[in-house]
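This is what each chain is made of:
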Amino acid sequence: MRIYKVILFSVLAFGFSEAFADDKLTGTVIGTAESVDYSSGSKSTTVNTCANAFDGNLNTYFASYDRSYTWAGQDLGSPHVITRVAWSPRNDSQGEGRVVLGVFEGANSPDFMDALPLYIITEKGTIGQMSYADVSCSRGFRYVRYVGPSDARCNIAELAFYGHAGEGDDSHLFQLTNLPTVSIHTLNGEIPYDKEHQIVSQLTIISNDGTQLLSETGTTRERGNYSRSFPKKPYRIKFDKKQHVLDAPAKAKKWTLINNYGDKTLMRNLLAFELSKQLGMPYTPYGTCVDVLLNGEYKGCYQLCDQIQIHADRVNITEMTPEDNAGEALTGGYLVEVDAYADQETSYFYSNKGNPVTIKSPDEDQITSQQKNYIKNYFNKMESNWQTYLDLNTFLRHFLVGELSGNTDTYWSVYMYKDRNDDLMYTGPVWDFDLAFENDTRTYPINNKSDYVYRSGGSCAGNMKSFVDKIVINNAAARQQMVDIWDEARHAELTEEHLVDWIDQMEAELDQSQKLNFMRWDIMNTKVHQNPKVWGSYKAEVQNVRRFIKERLFWMDKRLGYTYVPSAISQVAIDYTQPYEVFSSSGLSYGHSLSGLKAGVYIVRQGHAAKKVVVR
């Protein structure tokens, strides 16, 4: 992110002058119509109106009646490239602080649906003075505005915009930090309020240091279950047409914005996704950190992630239609979630073993009675005879991600899927790690426990604990396969060195954004959600995760009865002129070539000889 120096100038009682290259712009005052009359606390359209923000008098001010999503601006009559903005806070005891996180925007539609950010204020203002900031946005705008921060009634004494006439271009746009900026504008300024109603939106993502823009129509709604109770809300965005978003593999309509309210590192989900990759899950959701604006108001640092759905680059199984009601077509694909909140959904069932299951796909408005009966009966069959119908490979890898991360919610919510003409049910992808990595007072400190977290304080939907016990506790073959998977990963990049390096890099990447986030959500020294401790700073929060992962690797080695010897296996030569077969250490076939395999430990069988081979 470019850092702009804020220059302060003294202001005369009835005006000011500046020696800037661009002129101070004038136009018709526009903004939130209803102001507050503080003498009576009632609504007004004549007292403290938005016109006061452009009257050149620092002793008058605009104060809206509503506390949030209110604004003051100008219609410049034609597009102008904005090169500088200026502001002065209301002259009262709280005025200087009420401009922090105020956002300047420009638009060419009077409803600001196409608005782009121009600047965000990150420091207190100075009463009786104008503060100035350069703007780095090459597009020209007819309409410009200042959106007050949340719960501030947009209290502002004076505003000014500087620039020159012109439509400009999109060669360089403004990002709030080094992270991509996601800016959502909703029709008529309606704020998403539940998981059912999809609000018409313009969805904008600015990235690559302001040189890349995606701006398309779509919808926005809230998402999640318990996470919706937080003041920082989670959202699901849906483009009207499939989009390539940032560097995500999938071209898709649906994406999630994870709020991370109780995770003060803002990285726990992404760290778990890294564990998923290192433990060889077939699909790990895409995720990246972003800054989010909603109708011009700064909402915080979020994680932009895949929507868990059937998709060629997500859960890659056959997507069913309402016509798939018999024969092979009826056998899949199905995406389900063992879900403690299943009874709050429309399409769900309880298994014979008492486990609540939400049917995620086919969708609730398309699934037929034949399809619902099929997947319910199949799930019951899998529960009763898991040795035949459960894919143990994905189940064990998913289990290891949950236990290595210390996730208390692993079996509170777990995705599973079944494809067409496939007798197995697969586990995954991994999801929901805000309580992982030592962030749950109910299990803290996890590494002092002698047993797996799901058996010692973890939350399990229905009777999932006994189901998991049958596999990882009571079945010797499954336990050995789990050790083989662990061995494979530990000799690849599931190491302290790799994971600590990943955390270090993420901490640096998040530095600018976390500072803004905790200005917006002043919770660093407050226990929220299930926080076991207040660590006191972002650096200390991250250090807690860093310490945990180091200790947890050792704990997992010990619990599995495994000895990690980094240099115990050396590379061996293969006679590439002769045929050979490649297997994982757990027996999964990888074909007849080492070419293109990810780093890890493999078994190579050539003739009657079998050797362990490290691919680096």
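Residues numbered from 1 in each chain as written. Predicted model: local features only at pLDDT ≥ 70, side-chain atom pairs only at ≥ 80, totals over all residues. Heavy atoms only, no water.

Chemist: What is the right way to look at the overall build of the chain in this model?
Modeler: Helices and strands together make up the secondary structure of the chain, namely eight helices and 26 strands. Principal axes of the C-alpha set define a box for the chain whose edges measure 90 × 55 × 50 Å. Looking at the chain as a whole, 58% of its 616 residues qualify as buried. Excluding contacts between residues fewer than 6 apart, the proportion of contacts in the chain whose partners are at least 24 apart in sequence is 70%. Total accessible area on the chain is roughly 25,000 Å²; 46% of this is exposed by carbon and sulfur atoms. Across the chain, 62 positive and 75 negative side-chain charges occur, with their mean positions spaced 5 Å apart. (Helix = DSSP H or I, 4+ residues; strand = E, 2+ residues; numbered from the N terminus. Buried < 20%, exposed > 50% of the residue type's maximum accessible area, 1.4 Å probe, protein only. Contact = heavy atoms within 4.5 Å. Areas by Shrake-Rupley, 256 points an atom, 1.4 Å probe, with all protein chains shown as cover. Lys, Arg positive; Asp, Glu negative; His and termini not counted. Charge placed at Lys NZ, Arg CZ, Asp CG, Glu CD.)

Chemist: I would appreciate a short explanation of the side chain of His-80 in the present structure.
Modeler: Residue placement: His-80 occurs in strand β6 (residues 71-88). On the accessibility criterion, His-80 (12% relative accessible area) is buried. A polar contact of 2.7 Å, which involves the side chain of His-80, links it to the backbone oxygen of Ser-78. With near-sequence residues (within four places) excluded, His-80 lies in contact with Leu-25, Arg-139, Gly-140, Phe-141, Arg-142, His-164, Ala-165 and Gly-166. (Polar contact = N/O pair within 3.5 Å; in protein donor to acceptor, adjacent residues only side chain to side chain.)

Chemist: When you look at the packing of aromatic side chains in this model, what are you seeing that I'm missing?
Modeler: Ring pairs (aromatic) are described by centroid distance and by the angle formed between their planes. Under the criterion given, the structure shown has 29 aromatic pairs. Taking the centre distance of 6.2 Å and the plane angle of 80 degrees together, the rings of Tyr-348 and Tyr-350 count as edge-to-face. Take Tyr-348: its relative accessible area is 26%, and that puts it in the partly exposed class. Here Tyr-350 falls in the partly exposed class, since its relative accessible area comes to 42%. On the numbers, 5.9 Å between centres and 80 degrees between planes, the contact of Phe-399 with Tyr-454 is edge-to-face. Separated by 55 residues along the polypeptide, Phe-399 in helix α4 (residues 392-404) and Tyr-454 in the loop between β23 (426-427) and α5 (464-472) bring together distant segments of the chain. (Phe/Tyr/Trp six-rings, centres within 6.5 Å; stacked < 30°, edge-to-face > 60°.)

Chemist: Can you help me understand the environment of Tyr-444 in this one?
Modeler: Tracing the sequence through the fold places Tyr-444 in the loop between β23 and α5. Taking the C-alpha atoms as reference, Tyr-444 lies 9.8 Å from Gly-406; in sequence the two are 38 residues apart. Setting aside residues up to four positions removed in sequence, Tyr-444 forms contacts with Glu-438, Pro-532, Lys-533 and Trp-535.

Chemist: Just to check I follow, could you spell out α5 for this structure?
Modeler: One turn of an α-helix holds 3.6 residues; hence residues three or four places apart share an orientation. Listed in full, the buried residues belonging to α5 are Met-464, Phe-467, Val-468, Asp-469, Ile-471 and Val-472. Summarising the contacts, the buried residues of α5 are in contact with β19 (334-339), α2 (369-384), α3 (386-389), α4, β22 (413-418) and α6 (476-490).

Chemist: Looking at this model, I keep getting lost on the pattern of salt bridges. Mind explaining?
Modeler: When the charged atoms of two side chains with opposite charge come close together, those side chains can pair. All chains considered together, the criterion is met by 28 salt bridges. For Arg-84, the salt bridge identified is with Asp-134, shortest N-O distance 2.9 Å. Taken as a pair, Arg-84 in strand β6 and Asp-134 in strand β9 (residues 129-134) lie far apart in primary sequence, 50 residues in all. A residue is classified by how much of its surface remains accessible, and Arg-84, at 16% relative accessible area, is buried. Here Lys-299 ties to Glu-297 by a salt bridge, and the two come within 3.4 Å at their closest N and O atoms. Each member of the pair, Lys-299 together with Glu-297, is buried. Bridged by salt links that share partners, the residues Asp-451, Arg-455, Lys-465, Asp-469 and Arg-559 form one connected network. (Salt bridge = Lys/Arg side-chain N within 4 Å of Asp/Glu carboxyl O.)

Chemist: Sorry, what's going on with unusual backbone geometry here?
Modeler: For the bond running from Ser-361 to Pro-362, omega is 5 degrees, close enough to zero to count as cis. Turning to its location among the elements, Pro-362 is positioned in the loop between β21 (356-361) and α2. That bond from Gly-428 to Pro-429 is cis: its omega, 0 degrees, falls within 30 degrees of zero. Along the chain, the position of Pro-429 falls in the loop between β23 and α5. Unusually for a residue other than glycine, Asn-260 sits at a positive phi of about 50 degrees.

Chemist: Any chance you could explain the sheet that holds β23 here in plain terms?
Modeler: The strands making up a sheet associate through hydrogen bonds between their backbones, and the pairing can be parallel or antiparallel. Within the open sheet, the five strands sit side by side as β20-β21-β19-β22-β23. Their pairing is antiparallel. The sheet is open, and its two edges are formed by β20 (348-350) and β23, each paired on a single side. Across three bridges, the pairing between β20 and β21 is antiparallel. Along β21, the bridge assignment pairs Phe-349 with Val-357. (Pairing = 2+ DSSP bridges.)

Chemist: How should I be thinking about a negative patch on the surface in this particular structure?
Modeler: Taken together, the side chains of Glu-196, Glu-319, Asp-363, Glu-364 and Asp-365 make up a negatively charged region of the molecular surface. Considering the arrangement of structural elements, one finds Asp-365 in the loop between β21 and α2. (Patch = residues over 30% accessible without salt bridge, like charges linked within 9 Å, V, L, I, M, F, W, Y side chains within 5 Å.)

Chemist: Would you mind going over the pairing of strand β7 (residues 103-107) with me for this structure?
Modeler: Across a regular strand the side chains alternate sides, sitting on one face of the sheet and then on the other. The buried count for β7 comes to five of five residues, which makes it a mostly enclosed element. As paired strands, β7 and strand β8 (residues 116-120) are joined by four bridges and run antiparallel to one another. Bridging from a neighbouring strand, Phe-104 pairs with Tyr-119 of β8. In this structure, β7 lies alongside strand β10 (residues 140-147), joined through five bridges in antiparallel fashion. Across the sheet, residue Phe-104 finds its bridge partner in β10, namely Tyr-146.

Chemist: So what exactly am I meant to see when it comes to the confidence of the model for the chain here?
Modeler: Close reading of the predicted structure is inappropriate where its pLDDT is low. When pLDDT is averaged along the chain, the result is 93, and 93% of the positions lie at 70 or above. A low-confidence stretch, residues 1-19 (pLDDT under 50), is modelled with 42 contacts involving residues beyond four sequence positions or located in other chains. Low pLDDT (under 50) marks residues 567-571, which in the prediction has eight contacts with non-local residues, meaning those over four places away or in another chain. (pLDDT = per-residue confidence, 0-100.)

Chemist: What's the story with the pairing of strand β14 (residues 212-222) in this structure? I'm lost.
Modeler: Pairing analysis gives nine bridges linking strand β13 (residues 199-207) to β14, with the strands arranged antiparallel. For Leu-203, the partnering residue across the bridge sits in β14 and is Glu-216. Where β13 folds back onto β14 in an antiparallel hairpin, the turn is made up of four residues, including Asn-208, whose phi is positive at roughly 55 degrees. As paired strands, β14 and strand β15 (residues 235-244) are joined by five bridges and run antiparallel to one another. Pairing of Thr-220 across the sheet is with Ile-237, part of β15.

Chemist: Honestly, the state of the cysteines in this entry has me stumped. Any pointers?
Modeler: The bond known as a disulfide is covalent and runs between the sulfur atoms of two cysteines. Under the criterion given, the structure shown has zero disulfides. Cysteine Cys-137 remains unbridged, with the sulfur of Cys-154 as its closest cysteine sulfur at 20 Å. (Disulfide = S-S within 2.5 Å.)

Chemist: When you look at the sheet that holds strand β16 (residues 251-258) in this model, what are you seeing that I'm missing?
Modeler: Strand order in this closed barrel of seven strands is β12-β13-β14-β15-β16-β18-β17, and the pairing throughout is mixed. Across this sheet, the average inter-strand angle for adjacent strands is 35 degrees, counted without regard to direction. Seen against the sheet, helix α7 (residues 496-520) touches β17 (287-294) and β18 (297-306) and runs at an angle of roughly 140 degrees to β18. (Axes fitted to C-alpha atoms, helices over the stretch in contact; angles between N-to-C directions.)

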